[in-house]
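# Close look at the chain arrangement
These are the residues of each chain, in order.
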Amino acid sequence: MKHTILIVDDEDRIRKLAKMYLEREGFETVEASDGEAALELALNQNFHCILLDIMLPGMDGIEVCRRIREEKTTPIIMLTAKGEEHNRVEGFEIGADDYIVKPFSPREVVLRVKAILRRAQPTMYLKQDSHAKDLIVFDSLVIDNDAHRVMAENQEVNLTPKEYELLLFLAKSPDKVFDREQLLKDVWHYEFYGDLRTVDTHVKRLREKLNKVSPKAADMIHTVWGVGYKFEVKE
């Protein structure tokens, strides 16, 4: 099955360029030129990844991302212009997984999409019932790494690929403290130009999602003031 990518940008040239390079790599693509059309497509079809420009006519990319996150965990890569750092941070706060700064290399887009898909759960829309082999088990939290599924108090927690990867990374090393720079390097896998708020916003969203199901599970992600974060298993 081919992966299908939704490309959202009001500039025809950018959409066509991304489309050409992605389809050369075997992806299928769908295009949208405004926020309303993008939201309708994203909610009514199952895409493997969404390239979403922030500056769109009508509904902007931030609002589109917010609406998508109310219903789906589809990986979202924001497209931003230089100087829009505040928009990038806002995008992370509402659930974007990555961003690319314009002007960008089409090859970079392909590489980022492939990286997101490698980290995304293998069946984004279908639940798996196969016996898991790779499990991390705590009293109130179970991470099924074969199915990319998180269960808190026997209820499934829907996480974005980046939220899942952050939780898995912390949970694999209980009680070890990681500073923000290390988390950016090991979880995001490339430089984020010193924007440490990226880590904070993802931790905040991860805690909020866990807390809705299990406050005990949310409390496992512990802030070490002045340093960073750790996954704390209390006796």
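Residues numbered from 1 in each chain as written. Predicted model: local features only at pLDDT ≥ 70, side-chain atom pairs only at ≥ 80, totals over all residues. Heavy atoms only, no water.

## Comments concerning the overall build of the protein chain
A tally of helices and strands in the protein chain yields 9 helices and 12 strands. Counting all 235 residues of the protein chain, 52% fall into the buried class. Here the contacts in the protein chain between residues at least 6 apart in sequence split such that 60% fall between residues at least 24 apart. In the structure as shown, the protein chain presents an accessible area of about 11800 Å², 48% of it carried by carbon and sulfur atoms. (Helix = DSSP H or I, 4+ residues; strand = E, 2+ residues; numbered from the N terminus. Buried < 20%, exposed > 50% of the residue type's maximum accessible area, 1.4 Å probe, protein only. Contact = heavy atoms within 4.5 Å. Areas by Shrake-Rupley, 256 points an atom, 1.4 Å probe, with all protein chains shown as cover.)

## Considering the sheet that holds strand 10 (residues 178-179)
Paired through backbone hydrogen bonds, the strands of a sheet run either parallel or antiparallel to each other. Across the sheet, which stays open at both edges, the 3 strands sit in the order 10-12-11 with antiparallel pairing between neighbours. Taken across any chain shown, the strands that pair with only one partner, and hence form the sheet edges, are strand 10 and strand 11 (221-224). In terms of strand pairing, strand 11 meets strand 12 (residues 228-231) through 4 bridges, oriented antiparallel. The residue bridging T223 from the neighbouring strand is Y229, located in strand 12. Running at roughly 70° to strand 12, helix 6 (residues 161-171) makes contact with strand 10, strand 11 and strand 12 of the sheet. (Pairing = 2+ DSSP bridges. Axes fitted to C-alpha atoms, helices over the stretch in contact; angles between N-to-C directions.)

## Structural notes on the side chain of R112
Tracing the backbone shows R112 in helix 5 (residues 106-119). A polar contact of 2.7 Å, which involves the side chain of R112, links it to the backbone oxygen of Y99. (Polar contact = N/O pair within 3.5 Å; in protein donor to acceptor, adjacent residues only side chain to side chain.)

## Considering the sheet that holds strand 6 (residues 135-137)
Strand order in the open sheet formed by 4 strands is 6-7-8-9, and the pairing between neighbours is antiparallel. Here the strands that pair on one side only, and so sit at the sheet edges, are strand 6 and strand 9 (155-157). Mean inter-strand twist for the sheet, computed between neighbouring axes without regard to direction, equals 25°. Pairing analysis gives 4 bridges linking strand 7 (residues 141-144) to strand 8 (residues 149-152), with the strands arranged antiparallel. Note on strand 8: the bridge partner recorded for V142 is M151. The strands touched by helix 6 are strand 6, strand 7 and strand 8; relative to strand 7, the strand with the most contacts, the crossing angle is about 110°. Against the sheet, helix 8 (residues 197-213) touches strand 7, strand 8 and strand 9, its axis set at about 165° to strand 9.

## Quick look at the pairing of strand 8
Joining the antiparallel neighbours strand 7 and strand 8 is a turn of 4 residues, in which H148 adopts a positive phi near 50°. Relative to strand 9, strand 8 runs antiparallel, the two being bridged by 3 bridges. Across the sheet, A152 pairs through a bridge with Q155, a residue of strand 9. Counting the residues in the hairpin turn of strand 8 and strand 9 gives 2 residues, including E153, whose phi is positive at 50°.

## Points about helix 8
An ideal rise of 1.5 Å per residue puts 24 Å on 17 residues; helix 8 measures up with 25 Å between its terminal C-alpha atoms. By the burial criterion, the buried members of helix 8 are T198, V199, T201, H202, V203, R205, L206, K209 and L210. (Expected span 1.5 Å × (residues − 1).)

## Overview of the packing of aromatic side chains
Per the stated rule, a full pass over the model turns up 2 aromatic pairs. Here F138 and F231 contribute two aromatic rings whose centre-to-centre distance is 4.9 Å and whose plane-to-plane angle is 45°, an arrangement assigned as tilted. Taken as a pair, F138 in the loop between strand 6 and strand 7 and F231 in strand 12 lie far apart in primary sequence, 93 residues in all. As far as burial versus exposure is concerned, F138 and F231 are alike and both buried. Ring geometry for F169 against F178: centres 4.8 Å apart, planes inclined by 55°, an arrangement best described as tilted. Positioned above the aromatic ring of Y21 is the side chain of R24, whose terminal nitrogen or guanidinium carbon lies 5.0 Å from the ring centre. (Phe/Tyr/Trp six-rings, centres within 6.5 Å; stacked < 30°, edge-to-face > 60°. Lys NZ or Arg CZ within 6 Å of the ring centre and 35° of its normal.)

## Focus on the UniProt feature "modified residue: 4-aspartylphosphate" (unreviewed entry) in the protein chain
Per the UniProt annotation, the sites labelled "modified residue: 4-aspartylphosphate" (unreviewed entry) are D53. In this structure, D53 sits in strand 3 (residues 49-53). Filtering out sequence-adjacent residues up to four positions away, D53 remains in contact with V8, D9, D10, G61, L79 and K102. (UniProt positions renumbered as here; feature names shortened; annotations may be inferred.)

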